[in-house]
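One letter stands for each residue in the lines below.
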4 protein chains.
Amino acid sequence: MAGSTLGTIFKITTWGESHGKGVGVVIDGCPAGLSLDESYIQKFLNRRKPGQSRFTTPRKESDRVEILSGVFEGCTTGTPISLLVRNEDQRSKDYSEIASYYRPGHADYTFDAKYGFRDYRGGGRSSGRETIGRVAAGAVASKILAETGVSLLTYTRSIGPVSISEDRFDAEQIPANPLYMPDAIAAREAQFYLEECMKEQDSSGGTVECVITDLPSGIGETVFDKLDANLAKAIFSIGAVKGFEIGSGFSAASKKGSENNDAFCTDDTGRIVKQTNHAGGILGGMSDGSPIVFRAAIKPTPSIARPQQTVRKDGTPVEISIAGRHDPVIVPRAVVVVEAMAALTIVDLLLANMSARMEYLKKIYRD
Amino acid sequence: MAGSTLGTIFKITTWGESHGKGVGVVIDGCPAGLSLDESYIQKFLNRRKPGQSRFTTPRKESDRVEILSGVFEGCTTGTPISLLVRNEDQRSKDYSEIASYYRPGHADYTFDAKYGFRDYRGGGRSSGRETIGRVAAGAVASKILAETGVSLLTYTRSIGPVSISEDRFDAEQIPANPLYMPDAIAAREAQFYLEECMKEQDSSGGTVECVITDLPSGIGETVFDKLDANLAKAIFSIGAVKGFEIGSGFSAASKKGSENNDAFCTDDTGRIVKQTNHAGGILGGMSDGSPIVFRAAIKPTPSIARPQQTVRKDGTPVEISIAGRHDPVIVPRAVVVVEAMAALTIVDLLLANMSARMEYLKKIYRD
Amino acid sequence: MAGSTLGTIFKITTWGESHGKGVGVVIDGCPAGLSLDESYIQKFLNRRKPGQSRFTTPRKESDRVEILSGVFEGCTTGTPISLLVRNEDQRSKDYSEIASYYRPGHADYTFDAKYGFRDYRGGGRSSGRETIGRVAAGAVASKILAETGVSLLTYTRSIGPVSISEDRFDAEQIPANPLYMPDAIAAREAQFYLEECMKEQDSSGGTVECVITDLPSGIGETVFDKLDANLAKAIFSIGAVKGFEIGSGFSAASKKGSENNDAFCTDDTGRIVKQTNHAGGILGGMSDGSPIVFRAAIKPTPSIARPQQTVRKDGTPVEISIAGRHDPVIVPRAVVVVEAMAALTIVDLLLANMSARMEYLKKIYRD
Amino acid sequence: MAGSTLGTIFKITTWGESHGKGVGVVIDGCPAGLSLDESYIQKFLNRRKPGQSRFTTPRKESDRVEILSGVFEGCTTGTPISLLVRNEDQRSKDYSEIASYYRPGHADYTFDAKYGFRDYRGGGRSSGRETIGRVAAGAVASKILAETGVSLLTYTRSIGPVSISEDRFDAEQIPANPLYMPDAIAAREAQFYLEECMKEQDSSGGTVECVITDLPSGIGETVFDKLDANLAKAIFSIGAVKGFEIGSGFSAASKKGSENNDAFCTDDTGRIVKQTNHAGGILGGMSDGSPIVFRAAIKPTPSIARPQQTVRKDGTPVEISIAGRHDPVIVPRAVVVVEAMAALTIVDLLLANMSARMEYLKKIYRD
């Protein structure tokens with residue numbers, strides 16, 4: 001089945017391993033007439049690039065994107081957009097040791113179980129570098145959304161035990177601290193916490209939150225391709241995600257209907273809106289006009305320098321210590337990946353919705 | 001895009017509205033040679049049938065399933081299996097009132113936003129009756145899993161504030177109480193809580209947990225069709241789900257790597273296993289040999305008899321009170337729906353994995 | 001993989017065997033707001049019904065269609081449309097003989113090869129009755145095309161050695177003779193020929209032609225989902241089709257470029273048109289504004305009363321004579337099936353094309 | 001919808017334009033454990049390379065393929081295989097003239113109709129260079145087939161009026177003449193004919209035939225994804241194809257059932273076989289054990305130096321003469337493209353068939 005393709009109309013296919021020749025993505029189904037250049041995509045890639053702060057791996061990869069097809073005279077042509085990023089920082093080293101055992105929390109064991117062997121150089125296909133293709137494609141999706149009037153805001157909600165405070169929420173803080181937190185005080189606390197983790201040769205998890213505004217109502221399909229279901233899949237397909245919730249999320253489980261229902265009313269302009277947003281902007285799988293709000297739980301980086309118990313391929317026990325240049329927390333770099341996956345999901349369903357009504361058909365073909 | 005089809009190889013398409021002629025599902029891609037009859041499927045449908053206890057709607061629907069195709073002399077033939085359940089309890093009543101306003105927490109508003117109008121009789125396509133097709137198809141998927149040696153155990157983990165206790169976990173309790181809880185004491189407490197809710201004309205949310213055992217390692221694809229990603233989508237496509245987590249889930253976000261990693265070791269038979277299971281049985285999107293463990297958060301039934309504020313289609317405010325026969329909690333009836341969606345997801349990926357290796361190809365075609 | 005589903009946006013799934021409980025189709029992705037009732041679909045089904053003339057099987061099946069879902073107050077709702085036709089004329093008879101051997105020209109042998117056994121009652125899934133689902137869905141597709149201004153004209157072009165003459169082409173003749181030929185003289189000749197075949201206990205092949213007019217230019221995708229490629233698949237998925245060609249078709253292979261190219265010019269209204277139509281209305285996989293013209297070759301009915309040599313399952317030779325009620329030619333009944341498959345293909349690509357340009361996106365969401 | 005992806009399990013996505021940075025393909029779903037290197041793929045690409053003889057364009061493109069991912073230590077890993085061929089021979093020239101008018105027989109007009117504008121440098125996405133991705137992916141598919149014991153033989157059957165003679169059929173002649181004809185005498189005649197065409201500044205069409213042997217019986221799905229239907233689509237998705245037929249093809253339309261049916265018998269080894277092969281190796285959409293035999297009609301190259309009438313974008317008439325380096329016949333270079341598309345189709349259905357029976361499932365997971 002493969003499974004490297006996502007989307008029905010706006011369809012992306014990523015490829016590449018961490019230590020192969022490069023990574024990339026092919027976008028098929030991008031509407032013609034979108035102005036696009038490499039610099040626009042590069043800006044998104046730079047948000048996930050290693051080496052941005054002392055809390056991300058010091059590996060040096062410039063991650064320069066090259067548009068190989070599908071753009072002509074600064075505009076998308078409707079044909080597939082192939083994007084390529086060559087791998088650069090492939091230190092030639094001896095992989096025989098790492099090839100011999102299974103790192104806890106990594107996909108080494110399951111790759112062997114599935115395919116009988118694996119590309120043991122770095123994370124191979126399960127490396128974080130695979131997300132380069134997602135982010136590059138997500139940049140294109142974001143451009144389409146921007147031109148349709150839809151905005152996404154994504155940020156770190158918590159790192160380990162440190163959460164942002166709703167009262168101090170300040171979107172301008174997001175790019176102002178290396179953790180992409182919308183709360184300067186929480187960001188400082190979280191940095192102290194991370195430094196503690198690093199001293200202990202340990203790592204930390206966290207949560208990412210995404211808010212999507214001005215999406216038209218009615219986007220999303222009613223049964224399996226619900227907007228929330230497709231978001232759940234897209235976000236859960238990011239390596240380290242262990243939980244996903246929308247609106248009131250898990251807290252809805254302990255609530256009563258009278259608390260969790262959102263009453264409808266009208267706003268100043270007479271438009272029908274919801275008084276509250278426990279639904280997180282989605283009812284019956286379709287956008288309801290309120291902001292879409294979702295959160296993802298991200299596990300701590302499994303690569304830690306602390307000694308860990310594991311086994312070799314033949315089952316003999318071994319104690320390992322993963323040296324090297326690993327992120328003590330991947331949450332800040334995951335922010336743009338989450339945003340990219342959300343944008344890709346939204347665009348696909350936005351395009352799908354264009355054939356929802358006979359009147360739209362007539363608008364395109366008969367007017 | 002439609003979105004009433006799920007799966008790539010084992011593919012299901014559900015159809016039907018709550019107050020139309022019936023509901024059903026077409027299963028395409030079921031392997032030939034599976035023994036199957038209506039009574040096997042009926043057992044699953046009976047687990048979601050209304051009227052099972054005082055905590056479910058007293059509507060009377062026998063929900064008898066009819067196999068229309070794809071089974072010959074008690075065996076699947078490899079051709080599509082069409083399953084039909086006729087709707088029975090369609091009280092003829094006046095829908096003009098309900099048609100005029102938007103019920104909070106329901107898809108009335110978003111249906112209108114998407115399609116311009118809606119089938120306003122009951123929940124229409126967004127009714128819980130749509131899950132009949134899922135459960136019927138899930139029964140077939142479960143049969144395949146049973147014959148492959150895979151088991152699923154699904155139950156209510158919490159209702160409102162009442163959770164089961166790990167210490168008292170007893171699988172035999174699940175069918176023994178109307179709430180499908182594996183803990184007799186918690187079940188009793190939860191029933192008290194629900195009676196309270198009913199007195200207040202209110203409803204409650206809860207969580208469902210599912211444990212899948214003896215799934216071979218390596219099932220699931222490595223990028224977008226990760227086992228956890230496809231489970232997340234399948235579960236989130238159930239109407240009332242607001243959260244999904246796997247293994248340590250949201251709690252992983254506040255943990256350290258050294259706490260969250262699962263060390264590999266060998267068991268008595270020399271097989272490689274994990275010492276703990278924070279991963280919930282999935283590493284890199286593929287099953288790792290440990291039980292798959294996931295949880296879903298289910299919101300309180302939005303249909304409550306308490307007065308609620310909402311608006312009519314033209315925006316005029318109206319106070320409504322949803323009379324009628326509604327479940328005060330849908331969690332117990334959702335248990336089998338969650339199990340069905342999990343079974344469908346697993347079977348699809350199990351079949352997909354059959355083409356993962358050249359040696360499997362040779363095993364089928366050359367041996 | 002299954003393979004009972006066709007289409008990406010307007011998606012149909014057929015199910016059912018000739019001697020099971022019924023046959024049907026689920027249409028997913030039909031735009032909301034199309035007026036539709038059973039009588040409209042029934043008209044299409046009546047064109048393929050058995051017993052229309054002495055050249056079709058005298059089996060009696062009323063083939064009444066029932067709309068089970070997706071239509072409310074005479075209009076499609078955007079949700080799946082489930083259509084059911086119950087099987088009626090299942091003469092209870094002894095199938096043990098037919099089950100024991102492989103009929104030449106039928107799928108008996110290949111079904112056994114694929115699945116290990118088969119539903120040996122009649123043609124099972126490979127029966128012509130499977131096309132009922134296609135025709136019913138095709139009726140819905142035709143309705144969409146009619147409302148978009150697109151027309152289809154389909155007819156028998158030849159039966160055995162008897163072809164229509166271009167000079168005598170008269171569309172009004174098509175429904176006026178039992179062979180659906182647009183040429184009264186050819187129709188008479190073909191009837192003589194068929195009577196000869198029937199006397200010899202033999203059957204005849206023929207060709208069907210379809211002309212699609214007023215399709216907007218640019219419909220069809222540029223690489224794999226070319227309009228002609230998708231038509232080729234759709235038509236070739238009809239049981240008895242052995243050849244497909246478009247425009248000048250096979251004759252293009254012996255032509256020169258200067259003969260086969262169609263010069264562009266303008267018509268009276270200044271619109272750009274082609275002077276000739278060797279291309280059959282498609283250039284580069286996209287409609288070019290000229291009529292789409294294609295032909296399908298249909299093999300003679302394999303069920304003939306003449307004695308034939310074949311083998312039993314164990315390889316022992318046997319002489320058989322297929323008694324029973326079989327069409328001496330299936331071409332006339334295939335006409336509406338070809339038209340249905342063409343309509344389904346066109347609608348799917350017409351809907352797909354709605355997301356081809358950013359300006360369409362803005363037309364729907366911003367205007 | 002995009003439409004640059006083909007296949008369900010063995011899935012390819014091509015990208016690239018004739019005058020962009022390159023062309024390529026991503027193969028997703030290739031089983032792990034297939035030995036593969038660039039030289040194997042290069043051999044297939046060399047069969048379609050320009051400049052092979054005086055009957056192909058003298059353009060110089062080395063068309064060197066680079067494997068960017070999915071292969072590790074000489075073996076496929078199960079992850080996507082990304083293949084890249086950089087464009088080289090992009091003569092910098094003035095395209096303003098060609099941009100202004102619509103070439104007859106090309107996709108210039110339809111591209112403008114679909115997208116509003118086009119990449120007018122060469123054929124853009126509709127260029128024959130797009131087939132590089134198909135051929136490269138087809139090489140990988142052919143490798144899988146070779147290891148499963150399936151063979152493909154593809155050749156030119158006719159050029160203009162010159163056809164091969166069945167009596168003189170000699171497979172060894174295929175690579176021995178520049179036209180890839182299995183008949184030395186016909187090849188010579190065809191070369192005379194082509195020289196005549198070239199003198200007249202004209203081009204020629206032709207037919208390609210493909211024979212697939214030793215495919216197991218039962219490959220192909222029974223309804224829409226019939227083996228012949230998927231082959232028809234795959235072959236018709238090649239730019240210049242105007243007709244497709246299988247077995248007796250169009251001639252079946254004028255035959256009687258008694259002539260066209262293939263009797264079953266047993267061969268020397270007791271295996272059930274067909275005495276004749278009018279069916280072309282496919283019954284009911286599934287392979288029947290006989291060789292698969294199909295033919296494709298290919299139109300004459302539309303780019304001819306002869307003066308032609310056409311119009312500019314604004315409708316003003318213009319006489320053009322397409323100078324430049326064009327193939328007087330594309331049939332010989334199309335041979336490998338047809339073979340590639342056949343191999344891709346067969347592999348996808350071969351993998352799909354692995355989940356056709358419960359016993360296969362048990363063979364993989366329980367034995």
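Look above for the structure.
Residues numbered from 1 in each chain as written. Chains lettered and ligands numbered in written order. Predicted model: local features only at pLDDT ≥ 70, side-chain atom pairs only at ≥ 80, totals over all residues. Heavy atoms only, no water.

A.B. asks: Quick one: what's the story with the overall build of chain A, residue by residue and with numbers?
C.D. replies: Of the regular secondary structure elements, chain A holds nine helices and 18 strands. A compact globule built from 367 residues would reach a C-alpha radius of gyration of about 21 Å, and chain A, at 22 Å, matches this within 12%. Taken over 367 residues, chain A has a buried fraction of 69%. In chain A, once contacts between residues fewer than 6 apart in sequence are set aside, the share between residues at least 24 apart is 67%. When the accessible area of chain A is evaluated, it comes to approximately 11,300 Å², of which 48% is carbon and sulfur surface. Treating the 43 positive side-chain charges of chain A as one cloud and the 45 negative ones as another, the clouds have centres 4 Å apart. (Helix = DSSP H or I, 4+ residues; strand = E, 2+ residues; numbered from the N terminus. Rg over C-alpha atoms; globule rule 2.2 N^0.38 Å. Buried < 20%, exposed > 50% of the residue type's maximum accessible area, 1.4 Å probe, protein only. Contact = heavy atoms within 4.5 Å. Areas by Shrake-Rupley, 256 points an atom, 1.4 Å probe, with all protein chains shown as cover. Lys, Arg positive; Asp, Glu negative; His and termini not counted. Charge placed at Lys NZ, Arg CZ, Asp CG, Glu CD.)

A.B. asks: I'd love a proper account of the interface of chain D and chain C, names of residues and values included.
C.D. replies: At the junction of the two partners, chain D supplies 112 residues and chain C supplies 112 residues. Across the chain D/chain C interface, buried area totals approximately 8,500 Å², and carbon plus sulfur atoms make up 61% of it. Summed over the shared surface of chain D and chain C, the result is six salt bridges. The shortest N-O distance in the salt bridge between glutamate 200 of chain C and lysine 256 of chain D comes to 2.9 Å. At the junction of chain D and chain C, the tally comes to 43 residue pairs in polar contact (both at pLDDT 80 or more). The greatest single-element share of the side of chain D that touches chain C, amounting to seven residues, is contributed by helix α3 (residues 108-115) of chain D. Taken together, the residues of the side of chain D that touches chain C sort by class into 46 nonpolar, 40 polar and 26 charged. In terms of strand pairing, strand β11 (residues 241-246) of chain C meets strand β11 (residues 241-246) of chain D through three bridges, oriented antiparallel. Looking at β11 of chain D, one finds that glycine 243 of chain C is bridged to glutamate 245 of chain D. (Buried area = accessible area lost by both parts, 1.4 Å probe. Salt bridge = Lys/Arg side-chain N within 4 Å of Asp/Glu carboxyl O. Polar contact = N/O pair within 3.5 Å; in protein donor to acceptor, adjacent residues only side chain to side chain. Nonpolar A, V, L, I, M, F, W, Y, C, P; charged D, E, K, R; others polar. Pairing = 2+ DSSP bridges.)

A.B. asks: Which residues make up the packing of helix α9 (residues 358-365) of chain A against helix α4 (residues 131-148) of chain C, and what are the values?
C.D. replies: Running from N to C, α9 of chain A and α4 of chain C cross one another at 45°; their axes reach a closest spacing of 10 Å. If you check the angle between α9 of chain A and α4 of chain C, you find them oblique. In this structure, α9 of chain A crosses over α4 of chain C, and the sense of that crossing is right-handed. Between α9 of chain A and α4 of chain C, the contacting residues are Met358, Leu361, Lys362 and Tyr365 of chain A on the first element and Ile144, Glu147 and Thr148 of chain C on the second. Looking at the contact of α9 of chain A with α4 of chain C, its residues break down into four nonpolar, one polar and two charged. (Axes fitted to C-alpha atoms, helices over the stretch in contact; angles between N-to-C directions. Parallel < 35°, antiparallel > 145°, perpendicular 65-115°, else oblique. Left-handed = near helix turned anticlockwise from the far one by under 90°.)

A.B. asks: Help me get a handle on the nonpolar core, residues and values and all.
C.D. replies: Counting residues in hydrophobic clusters, the biggest one holds 379 residues, and the most contacted among them are Phe10 of chain A, Phe10 of chain B, Phe10 of chain C together with Phe10 of chain D. Non-local contacts of phenylalanine 10 of chain D, meaning those with residues more than four positions away in its chain, are made with Ile27, Asp28, Gly29, Cys30, Ala137, Val140, Ala141, Ile144, Leu344, Val347, Asp348 and Leu351 of chain D. (Core = buried A, V, L, I, M, F, W, Y, C linked by side-chain atoms within 4.5 Å.)

A.B. asks: Residue-level account of the interface of chain A and chain B, with values.
C.D. replies: On the side of chain B, 112 residues touch chain A, which itself brings 112 residues to the contact. Together chain A and chain B conceal approximately 8,500 Å² of surface at their shared face, both sides included; 61% is due to carbon and sulfur atoms. The interface formed by chain A and chain B contains six salt bridges. A salt bridge links glutamate 221 of chain A to lysine 114 of chain B; the nearest nitrogen and oxygen atoms lie 3.5 Å apart. Linking chain A to chain B there are 43 residue pairs in polar contact (both at pLDDT 80 or more). Among the elements that take part in the side of chain A that touches chain B, helix α3 (residues 108-115) of chain A stands out by supplying seven residues, more than any other. Residues belonging to the side of chain A that touches chain B are distributed by class as follows: 46 nonpolar, 40 polar and 26 charged.

A.B. asks: A description of the sheet that holds strand β3 (residues 22-28) of chain A should follow, citing residues and the corresponding values.
C.D. replies: Residues and elements named next belong to chain A. Ordered in space as β1-β2-β3-β7-β4, the five strands form an open sheet in which the pairing is antiparallel. The open sheet has two edge strands with one neighbour each: β1 (5-6) and β4 (66-67). Looking at chain direction, β1 and strand β2 (residues 11-16) are connected through two bridges and run antiparallel. What sits directly across from leucine 6, in β2, is isoleucine 12.

A.B. asks: Which residues make up the relation of the copies chain D and chain C, and what values do they have?
C.D. replies: The two copies are related by a screw motion: chain D maps onto chain C through a turn of 180° and a shift of 0.0 Å along the axis, at an RMSD of 0.0 Å. What the rotation and shift describe, once combined, is the action of a two-fold rotation axis. Taking C-alpha positions as the reference, the residue of chain D nearest the rotation axis is lysine 233 of chain D, at 2.4 Å. A share of 100% of interface residues in chain D that are also interface residues in chain C marks the association as one of identical surfaces. (Least-squares fit on C-alpha atoms with pLDDT ≥ 70 in both.)

A.B. asks: Residues and numbers for helix α3 (residues 108-115) of chain C, please.
C.D. replies: Counting buried positions along α3 of chain C gives seven out of eight residues, so the element sits mostly inside the fold. When α3 of chain C is considered as a whole, its buried residues turn out to be Asp108, Tyr109, Thr110, Phe111, Asp112, Lys114 and Tyr115 of chain C. Where the residues of α3 of chain C are buried, they touch β12 (264-266), β13 (272-274), β14 (282-283), β15 (286-287) and α9 (358-365) of chain D. Residue glycine 116 of chain C follows α3 of chain C closely and has a positive phi angle near 90°.

A.B. asks: Describe the packing of helix α4 (residues 131-148) of chain D against helix α8 (residues 331-352) of chain D, and please don't skip the residues or the numbers.
C.D. replies: Residues and elements named next belong to chain D. Look at α4 against α8: their axes get within 7 Å of each other, and the N-to-C directions meet at 55°. Judged by the angle between their axes, α4 and α8 are oblique. Between α4 and α8 lies a crossing whose hand is left-handed. Here Thr131, Arg134, Val135, Ala137, Gly138, Ala141, Ser142, Ile144, Leu145 and Thr148 of α4 come into contact with α8, specifically with Val336, Val337, Ala340, Met341, Ala343, Leu344, Ile346, Val347 and Leu350. Residues belonging to the contact of α4 with α8 are distributed by class as follows: 14 nonpolar, four polar and one charged.

A.B. asks: Tell me about the environment of glycine 220 of chain B, and name the residues and values.
C.D. replies: Note that glycine 220 of chain B resides in the loop between β10 (206-213) and α6 (227-236). A sequence separation of 142 residues divides glycine 220 of chain B from glycine 78 of chain B, and the C-alpha atoms of the two residues are 23 Å apart. Leaving out residues up to four positions away in the same chain, glycine 220 of chain B has contacts with Lys114 of chain A together with Asp225, Leu227, Gly285, Met286 and Leu349 of chain B.

A.B. asks: Give me the lowdown on the packing of aromatic side chains, citing residues and values where you can.
C.D. replies: Counting across every chain of the model gives 39 aromatic pairs over all chains. With 5.3 Å between their ring centres and 40° between their planes, phenylalanine 244 of chain A and phenylalanine 294 of chain A make a pair best called tilted. Pair noted here: phenylalanine 244 of chain A is in strand β11 (residues 241-246) and phenylalanine 294 of chain A is in strand β16 (residues 292-298), with a separation of 50 residues, a long-range link. Summarising the burial analysis for this pair, phenylalanine 244 of chain A and phenylalanine 294 of chain A share the class buried. Ring-pair connections join several aromatic residues into one group, and the members of that group are Phe72 of chain A together with Tyr95 and Tyr120 of chain D. The positively charged end of lysine 114 of chain B is found above the aromatic ring belonging to tyrosine 115 of chain B, 5.9 Å away from the centroid. (Phe/Tyr/Trp six-rings, centres within 6.5 Å; stacked < 30°, edge-to-face > 60°. Lys NZ or Arg CZ within 6 Å of the ring centre and 35° of its normal.)

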